[in-house]
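Observations on the model geometry
So you can see what is in the structure, the chains are spelled out below.
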Amino acid sequence: MSVQQLCVLGATGSIGASTLDVVAQHPERYEVFALSGHRRLNELAELCCRFRPVYAAVPDEASARQLRLLLEDAESIPEILIGEGGLEAIAADPRVDTVMAAIVGAAGLKPTLAAVKAGKRVLLANKEALVMSGALFIEAVRASGATLLPIDSEHNAIFQCLADPASPGLTRKGVRRILLTASGGPFRQTPAEQLIGVTPDQACAHPKWSMGRKISVDSATLMNKGLELIEACWLFEATPEQVEVVIHPQSVIHSLVDYVDGSVLAQLGNPDMRTPIAHAMAWPERIDSGVAALDLFDIARLEFERPDEERFPCLRLAREAAQAGGCMPATLNAANEVAVEAFLEGRLGFTEIPQLIESVLASAEPRPAKDLAAIFAADTTARQLAREWLARR
Ligand code: NAD
Ligand code: MG
């Protein structure tokens, strides 16, 4: 077996850290060819010293200078690339085998697509990229022969529960529906009237998973599950109606597949992203991830509830955007990104997040997602509409 050359987009994030933790456990299998980081340059410098990549990608010239300074005394200094072009270059480099797409948000779309178009093995954490570009993304996977492996724990679970994940169409596989589990987030039992005063720190204190702040807020509003519903439709050729969201507070079952003969297959594990990461990195083999064995006696109970779309309208908004199709999921995603940022900066209340998104969706023109330009135009318009909404209120 030859050593896999790995590019980690978003190396300084939560998924980046879990990925590099798995890599460090298997130096005979994986080498880090390239790393990208955005703002936390101290952390990126530390990672460069530890993993000695050939390239490091940062946003701009000023960041490159700072990183060079931080690495002055390092034994091995990577070549530093800048901007979106730098990200695309490391994702598509012919020497790279596997790309971990772990940038958060729309910023990850172009670099992730570059990896797809170059026919890489693409480990997809950056769900926003697939939500935005859907059909184009999947078409690019087919055209290039890239291997797309889901990192989102739910989608990784579904992938593991499908007999032949690569063959098209759920119906042909005898699948009745996908059961997408959700922890319910930190406010699962919070009464509606108390949601108004929720703070960013409360929203980011997830009961089961430790994650970046954007996805933590998405988990609290259930927009994360909405984005995941759209993600599941593209990954597994499902309709929105074939995906049912199930609240499962223990986060032990990561999702299930319900077959027409009545069989329901589930994937279980401790809530630790190193499991889906190690699965996707080694697939179709299995490697140690460093995650403790599941102790069912310790867990003792598994519970399930229906989601409450009155308190958490984001789930409904995402389903409506999925049903509308075209550029609507990109519009939903962009409005959500602006809303979450405003919430994290204390400029928007928690319960205003779905209000903003609903208003943007209502004013956006439905347009087909015929190419990347159309998708980015929808993204730009949605951000503009969202900023106008913020300024008006
Ligand atoms: P994070 O905030 O911890 O890390 C984000 C990474 O993206 C960082 O390395 C940051 O430098 C980089 N980044 C941010 N803005 C950028 C920009 N404009 N240009 C280039 N790089 C930029 O986020 P995370 O929790 O690691 O999540 C990353 C992705 O994985 C998200 O799409 C998220 O939805 C998905 N995901 C995360 C988890 C999890 O457990 N953390 C689980 C499932 C899916
Ligand atoms: Mg998930």
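Thresholds, definitions, all that
Residues numbered from 1 in each chain as written. Chains lettered and ligands numbered in written order. Predicted model: local features only at pLDDT ≥ 70, side-chain atom pairs only at ≥ 80, totals over all residues. Heavy atoms only, no water. Axes fitted to C-alpha atoms, helices over the stretch in contact; angles between N-to-C directions. Helix = DSSP H or I, 4+ residues; strand = E, 2+ residues; numbered from the N terminus. Parallel < 35°, antiparallel > 145°, perpendicular 65-115°, else oblique. Left-handed = near helix turned anticlockwise from the far one by under 90°. Contact = heavy atoms within 4.5 Å. Donors = N, O, S within 2.8 Å, 3.2 Å for Na, K, Ca; no water. Buried < 20%, exposed > 50% of the residue type's maximum accessible area, 1.4 Å probe, protein only. Arc of directions from axis to C-beta. Pairing = 2+ DSSP bridges. Right-handed = clockwise from strand over helix to strand, strands pointing away. Core = buried A, V, L, I, M, F, W, Y, C linked by side-chain atoms within 4.5 Å.

Any two packed helices are characterised by how steeply their axes cross, that is the angle between the axes, and by the distance between the axes. Running from N to C, helix 16 (residues 352-363) and helix 17 (residues 372-392) point in directions that differ by 125°, and their axes come no closer than 9 Å. Considered as vectors, helix 16 and helix 17 are oriented oblique to each other. In this structure, helix 16 crosses over helix 17, and the sense of that crossing is right-handed. From helix 16, E352, Q355, L356, S359, V360 and S363 reach across to helix 17, where they touch A382, L385, A386, W389, L390 and R392.

Next up on the list: the coordination of the magnesium ion (ligand 2). Bound to the magnesium ion (ligand 2) on the protein side are D152 (OD), E154 (OE) and E228 (OE), at distances that span 2.1 Å. Sequence positions of the donors to the magnesium ion (ligand 2) reduce to the motif D-x1-E-x73-E. Relative accessible area serves as the criterion here: at 8%, E154 is assigned to the buried category.

Attention now moves to helix 3 (residues 61-70). Note that an α-helix has 3.6 residues per turn; residues three or four places apart therefore point the same way. Every buried residue belonging to helix 3 is among S63, A64 and L67, and all of these are buried. One side of helix 3 holds all its buried residues, which, seen down the axis, span an arc of 100°. Turned more than 90 degrees from where helix 3 packs its buried face, R65 and L69 sit exposed. On its buried side, helix 3 packs onto helix 2 (41-51), strand 3 (55-58) and strand 4 (79-82).

Across the sheet, seven strands lie side by side as 4-3-2-1-5-6-7; this open sheet has parallel pairing. Single-partner strands in this sheet number two, and they are strand 4 and strand 7 (147-150). Here the average twist between neighbouring strands, direction ignored, is 25°. Pairing between strand 5 (residues 98-101) and strand 6 (residues 121-124): four bridges, direction parallel. When the sheet's bridge partners are listed, T98 is paired in strand 6 with R121.

Neither face of strand 3 is exposed, since Y55 and A57 on one face and A56 and V58 on the opposite face are all buried. With three bridges joining them, strand 2 (residues 30-36) and strand 3 adopt parallel strand pairing. By the bridge assignment, L35 is partnered in strand 3 with A56. Once the chain exits strand 2 it traverses helix 2 before rejoining the sheet at strand 3, and the crossover so formed is right-handed. Bridge count for strand 3 against strand 4 is four bridges, and the pairing is parallel. Bridging across to strand 4, A57 finds its partner in L81.

Right, let's get into the nonpolar core. Counting residues in each nonpolar core, the largest one holds 133 residues, and the members touching the most others are F137, L332, L356 and I357. It is helix 15 (residues 328-344) that contributes the most residues to this core, ten residues altogether. L356 has contacts with A335, A339, L348, A386, W389 and L390, leaving out every residue within four places of it along the chain.

The analysis is restricted to geometry; functional conclusions fall outside its scope.
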